[in-house]
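# Observations on the three-dimensional arrangement
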Amino acid sequence: MWNAIVPLLLDSLASAALIFFAAVGLTLVFSVLRVLNVAHGSLYSIGGYVAASICLFIASRQLNPYLSFLALLFSAVCVAAIFGPLIERGLVRWTYGKSEAVQILITFGLFLILEDLQRVVFGVQSFYEDAPMRLLGTTSVGGVVYLNYQILLIAMALLVVVGLRLLINHTRLGRLITAVVTDREMAQSIGIDTNRIFIVAFSLGVFLAALGGALATPTSGIAPGLGADTMVLAFAVAAIGGLGQIEGAALASLIVGLARVLAIYLVPSLDAVAPYAAMLIVLLIRPYGLFGSVTARRI
Amino acid sequence: MPTIIAAAAVLVIALLPVAAPWLQFVLTLAIAKGFAALGVAVLLRAGLISIGHAMFFAASAYAVAFLARAGVNDLGLLLILSVLGGALVGAVAGSFLVRYRAIFFAMLNLAVSMVFYALCAKLYSVTGGTDGMPVPVPAVFGVVLGEPAFKSVLFYLSLGLMVLVGLAVHRYLNSPLGHALSAVHTNEIRLEYLGIPVWAVLLIAYVVSAALAGLGGAIAGFAIGRVVPDFAFWTASGHLVLIAVLGGIGGVPGAFIGALFLELLHSAAVTVTDSWNLIVGMALIIVIMFMPKGIYGLFARKEATGL
Amino acid sequence: MTSRGISIGVSRYLSSLERLFRLDRGVPQGKVRWAVDGLAGALALGVVAATPAAAQDKPSALRLGIFTFTSGPAAAYGMPGKNAADLMIDEINAKGGIGGVPVSATYVDEAQGAQGVIAEYRRLAGDAKNQVMVAALSSANCLALAPLADQLEVPTVGWNCDTHQLLMDGKSKYVFRPNGNTVPEFIAYAIYLLDRKPDLKTVAIINPDYAFGHDAAKIFTAALKALKPDVEIVAELYPKLGSPNYQTEISRLTTARPDVVFSNLWGADLENFVRQAAPRGVFTSSQVILALGETVLQRVPLPDGVIVGVLGDGWWMSPDAKNKPETVKFAEAYKARFGEYPVFPSIKMANALIYVKAAYDAAMQKNGGKWPTRGELAAAMKGSKVETLTGTAQTRADNDGLVDQIVGVTVKTPAQQSPVIGDMVRYKGDSLMPQAGQDPLAWIATLKPEFAKSLPKPGSYK
């Protein structure tokens, strides 16, 4: 089995990259808004559907296929621009200050609505548009042929991790976000427009989810039900890494990706169990996640 | 809720299948889900939201299937053993889960239920995988019944259990243990200072809620005739919470009102539209925003609590 | 009529409760009324929607309950079935229906899961106008509905219920499977493979994770090992049904470097797998067998030399099919209406409907022209032999069907836009079936290499 080490690692990285995109938006939204968005997975699949539709349109009009790469990015931006402010102002804002049960239920209701909305708008058949994957070709690593597209995914995930860290540490917006995260009331009292920050942060979360869905479509199909499956995986990763921790989400994605790939190579009958088992084990040892921290309980 | 209205409602439900025979299956399923939603509602009293209760629903249903495969053939025995099985799983899981609160409680419940789901779905040789296991028609007190007769017995038994167990849970919620749950929600540390062990209170509540969900699962297993891993999927847990909130967590009838309402509406709606999730999602949001005490809260007097 | 009366009564009763018990005490009137009327309305709707009308002697329409996937990844396989049903029903009605009664179908989407499928089956069975069910596509649903069919006494024709577990005890009175059984289907692939590649050593399997996938793996492996004992299975993967992403599985398959890759993935899963595996060289480094590959010939670019079949004899371009004018017409009508030629799920569905019609004709002939009851239909289906679009469906005593098996390889041809099946072989239906009641795996273990020699060879079916 030793010849499988390199493919195993590469597969884990590729797997982790996709999972990371699904989870990082969730964890970011939680850290700023303190809301666990159960509809996050649906936004991932909406991003995928929009990207697939645009790519199919490009293919049908015989336009330059390299446009489809731009289409992936563009669809994520569109979804974020439309759904981000809409959901935040319309629904999520109403839940601030209320109990977690209310937040979870409101976003669960939104999840149900979005799932059916996707069926109505995009139909119930599966989509597939693989032009971006085909354009990039393949490389052979250790006797196994890999898609260059998978390597692109890993690169983009790294870009997002670094980019977010730079955003938060070195830009004004990042400092505002940090202030709001640290102490919301204090930030408000010194004049920071927290409402605007919330919209921006939420839209950023939606953008990352939709980008994940869009990037996933060239290598996977998209069909109804993707949102629900992705959601629980995103939960698992966000929880393992610590809610609100971006690097935590990156590390957690690696763990979950590795767990799943190890299962497929060694114990194929347990491949679906691996992510949740990993989540359970980590949470039992460190209930707040790898990088999470306990907030003081107020009496 | 005034007893006369409750009695009248039960009577109406008991007579409905006479008018529309296929409604019996829908109503049996609604009562089963009502039990599970009641379990969720008990925990919601303490402010703990569990997105994993479908696991106990599924665990008892699988217990029925395994026991039937092992040769146990009596309805009463199957019900009791499977509910005990569900309660046992609840005790084991609850012993470490009740230490957490809020989001972490919800997420850990989700994690455990998804591990359970994945195990059921992947262990093809043991659990039949995604195809599930059959639940044969058992004998009732030694009498072997035909399928339609058994389903009628099941329906009226569930109705009877709904009343009896409902009364029992009502007593529980009005007892010191039950009031302690609301106290945990209000201010847990104060409760500790008063000398009441919060962990024990919550564990008892967790086991009770797991047993209720298990009872629902066993009834559903008998009604449907087949157990599949989808019983334990996280969206099923979400639906249970939805039913509890829709019906109102202020009192015991709330869970059953919510379940009956949703199942009947579902039966009517599927003939007209495919977008059932859309309707339910919007109903949930509307109820939470404008009717936080649920449907039950409209009937009950001031003791009804909401989210 | 009574149901309307009852629902009106129920609503009035509940409304009167408001006034009688002064429910408005301390609660705003408007909300309570809304809630009570809502409840009453839901009850009323539920009751009205439910009540079936009484059955008559010769009904105005022959209603069939047809179960298939119309949404989700499985719809890529299920929709051709539905399309074929639509077309076949229109053709039957154009010729006057069955016994002069027009046929209409209620489609149930299997994607809603076992609970929903079972509930729908019960609902349809409760209406006496639905006499026959054509169910189902997924072996999981077939296994779930079979006991129900016998309990509720509704003739159920399994149009796609290949799993050999369905009729194992042989006691079913109402479940029929005219279209073929996984045992001959997958032994056929083992035999064809050994004829084509006699020196193979290693095999990898990637099948969907449910009864169909596991059964096929067991049967294929058992057959290979019986006929060539030194074959080694180097990898067995069972990804979940509906998985969109096979990248990791493909890596695992290629690291194992098998001579042969066998898969009975289907629907969008198969399309995804082919699209993801082709650029990564799976088709060039191994001999690939796609058991349900014919369904995707017109959708994904399959290279030459892939072993495919039709799980039966439903290949619309087979020599037998081309000799039947009815079949040629059906294929052309299908292409004109739906934009692609009928794949084998379409043929299976069409053949199932022909089977149902034949049962009605036989039952009415036996009872002197009266409209048959459900029981009479089931009796007519027992032991029947029906001419289908592509061959013959013979029903055995245990309700299992004997159907010929066609296997071949993909071949590009200038005459068609997509690849066709070449180098074909047609195995007779009864040559690859165990006896009724015999454990299939035990029977396969008794096969010897000489058994394969007595069968037709690749390329013999022209």
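## As for the overall build of chain B
- A tally of regular secondary structure across chain B gives 14 helices and two strands.
- A compact globule built from 307 residues should have a C-alpha radius of gyration of about 19 Å, and chain B, at 19 Å, falls within 12% of that.
- Here chain B holds 307 residues, and the buried ones make up 58% of them.
- Once local pairs closer than 6 in sequence are excluded, the contacts in chain B between residues at least 24 apart make up 78%.

## Some remarks on the overall build of chain A
- Helix and strand content of chain A: twelve helices and two strands.
- Taken from the N to the C terminus, the helices and strands of chain A come in the order α-α-α-α-α-β-β-α-α-α-α-α-α-α.
- In terms of overall dimensions, chain A is globule-like: its C-alpha atoms have a radius of gyration of 19 Å, near the 19 Å expected for 299 residues.
- Principal-axis analysis of the C-alpha atoms gives chain A an extent of 60 × 50 × 35 Å.
- Counting all 299 residues of chain A, 56% fall into the buried class.
- Taking the intrachain contacts of chain A between residues at least 6 apart in sequence as the baseline, contacts between residues at least 24 apart amount to 77%.

## What to know about the confidence of the model for chain B
- On average, residues of chain B carry a pLDDT of 88, and 96% of them reach 70 or more.
- Taken together, the chains of this predicted complex give a pTM of 0.87 and an interface ipTM of 0.89.

## Here's the deal with the interface of chain B and chain A
- Tallying the contact residues gives 37 residues for chain B and 34 residues for chain A.
- Every element with two or more residues in the side of chain B that touches chain A is listed here: helix 5 (102-122), helix 11 (234-247) and helix 13 (276-290) of chain B.
- Among the elements that line the side of chain B that touches chain A, the one with the most residues is helix 5 of chain B, at 15 residues.
- Across the side of chain B that touches chain A, the residue classes break down as 30 nonpolar, six polar and one charged.

## Some points on the sheet that holds strand 4 (residues 156-157) of chain C
Residues and elements named next belong to chain C.
- With respect to topology, five strands assemble into an open sheet ordered 2-1-3-4-5, the strand pairing being parallel. Here the strands that pair on one side only, and so sit at the sheet edges, are strand 2 (103-109) and strand 5 (175-176).
- Pairing geometry for strand 4 and strand 5, over two bridges, is parallel. Within strand 5, the residue paired with V157 across the bridge is F176.

## Notes on the sheet that holds strand 11 (residues 385-387) of chain C
Residues and elements named next belong to chain C.
- Strand order across the open sheet formed by three strands is 11-12-13, with antiparallel pairing between neighbours. The strands lining the two open edges of the sheet, one partner per strand, are strand 11 and strand 13 (401-402).
- In the sheet, strand 11 pairs with strand 12 (residues 392-395) via three bridges, with the strands oriented antiparallel. If you follow E387 over to strand 12, its bridge partner there is T392.

## Section: the packing of helix 7 (residues 172-182) of chain A against helix 9 (residues 194-216) of chain A
All names here are of chain A.
- One can describe the packing of helix 7 onto helix 9 by two numbers: an axis separation of 10 Å at closest approach and a directional angle of 110°. Overall, the two elements helix 7 and helix 9 adopt an arrangement that is roughly perpendicular. From helix 7, L173, L176, I177 and V180 reach across to helix 9, where they touch T194, I197, V200 and A201.
- Per-class residue counts for the contact of helix 7 with helix 9 are seven nonpolar, one polar and no charged.

## Quick word on unusual backbone geometry
All names here are of chain C.
- The omega torsion of the bond from A135 to A136 falls at 0°, within 30 degrees of zero and hence cis.
- Assignment of secondary structure puts A136 in the loop between strand 3 (130-134) and helix 5 (139-152).
- For L311, which is not glycine, the phi torsion reads 45° and is therefore positive.
- Mapped onto the elements of the fold, L311 is located in the loop between strand 10 (307-309) and helix 11 (319-322).
- The phi dihedral of N399 is positive, around 70°, even though this residue is not glycine.
- Following the sequence through the fold, N399 ends up in the loop between strand 12 and strand 13.

## Describing the pairing of strand 1 (residues 138-141) of chain A
Residue and element names in this part refer to chain A.
- As paired strands, strand 1 and strand 2 (residues 144-147) are joined by four bridges and run antiparallel to one another. Each bridged residue has a counterpart across the sheet, and for T139 the counterpart in strand 2 is Y146.
- Joining the antiparallel neighbours strand 1 and strand 2 is a turn of two residues, in which G142 adopts a positive phi near 60°.

## Quick word on the pairing of strand 15 (residues 420-427) of chain C
All names here are of chain C.
- For strand 15, a buried count of six out of eight residues is recorded, marking the element as mostly surrounded by other parts of the structure.
- Direction of pairing for strand 14 (residues 405-411) relative to strand 15: antiparallel, over a ladder of six bridges. What sits directly across from V411, in strand 15, is V420.

## Points about the packing of helix 10 (residues 226-241) of chain A against helix 11 (residues 246-266) of chain A
Residue and element names in this part refer to chain A.
- At a minimum axis distance of 7 Å, the contact between helix 10 and helix 11 shows a crossing angle of 120°. The angle between helix 10 and helix 11 places the two elements in the oblique class. Both helix 10 and helix 11 take part in a crossing whose hand is right-handed. Packed against helix 10, whose contacting residues are A236, V237, A238, I240 and G241, the element helix 11 presents G248, A249, L251, A252, S253, I255 and V256 at the interface.
- Grouping the constituent residues of the contact of helix 10 with helix 11 by class yields nine nonpolar, three polar and no charged.

## Some remarks on the environment of L284 of chain B
- Within the secondary structure, L284 of chain B is located in helix 13.
- The spacing of L284 of chain B and G221 of chain B is 63 residues in sequence and 27 Å in space, taken between C-alpha atoms.
- Contacts of L284 of chain B, omitting those with residues within four sequence positions, involve L105, F108 and G109 of chain A together with L242 and L246 of chain B.

## Brief notes about the environment of K82 of chain C
All names here are of chain C.
- Mapped onto the elements, K82 comes out in helix 3 (residues 75-94).
- You can call K82 buried: it has 21 C-beta atoms within 10 Å.
- Measuring from C-alpha to C-alpha, the distance between K82 and L292 comes to 18 Å, with 210 residues separating the pair along the chain.
- Residues in contact with K82, not counting those within four places in the same chain, are T68, T70 and Y107.

## Focus: the environment of G34 of chain B
Residues and elements named next belong to chain B.
- Take G34: it is sitting in helix 2 (residues 23-45).
- Residue G34 is classed as buried on the basis of its C-beta count, with 32 C-beta atoms lying within 10 Å.
- In the structure, G34 is positioned 220 residues away from G254 in sequence and 8.7 Å away in space, judged by C-alpha atoms.

Rules and cut-offs
- Residues numbered from 1 in each chain as written.
- Chains lettered and ligands numbered in written order.
- Predicted model: local features only at pLDDT ≥ 70, side-chain atom pairs only at ≥ 80, totals over all residues.
- Helix = DSSP H or I, 4+ residues; strand = E, 2+ residues; numbered from the N terminus.
- Rg over C-alpha atoms; globule rule 2.2 N^0.38 Å.
- Buried ≥ 20, exposed ≤ 12 C-beta atoms within 10 Å, placed from the backbone.
- Contact = placed C-beta atoms within 7 Å.
- pLDDT = per-residue confidence, 0-100.
- Nonpolar A, V, L, I, M, F, W, Y, C, P; charged D, E, K, R; others polar.
- Pairing = 2+ DSSP bridges.
- Axes fitted to C-alpha atoms, helices over the stretch in contact; angles between N-to-C directions.
- Parallel < 35°, antiparallel > 145°, perpendicular 65-115°, else oblique.
- Left-handed = near helix turned anticlockwise from the far one by under 90°.

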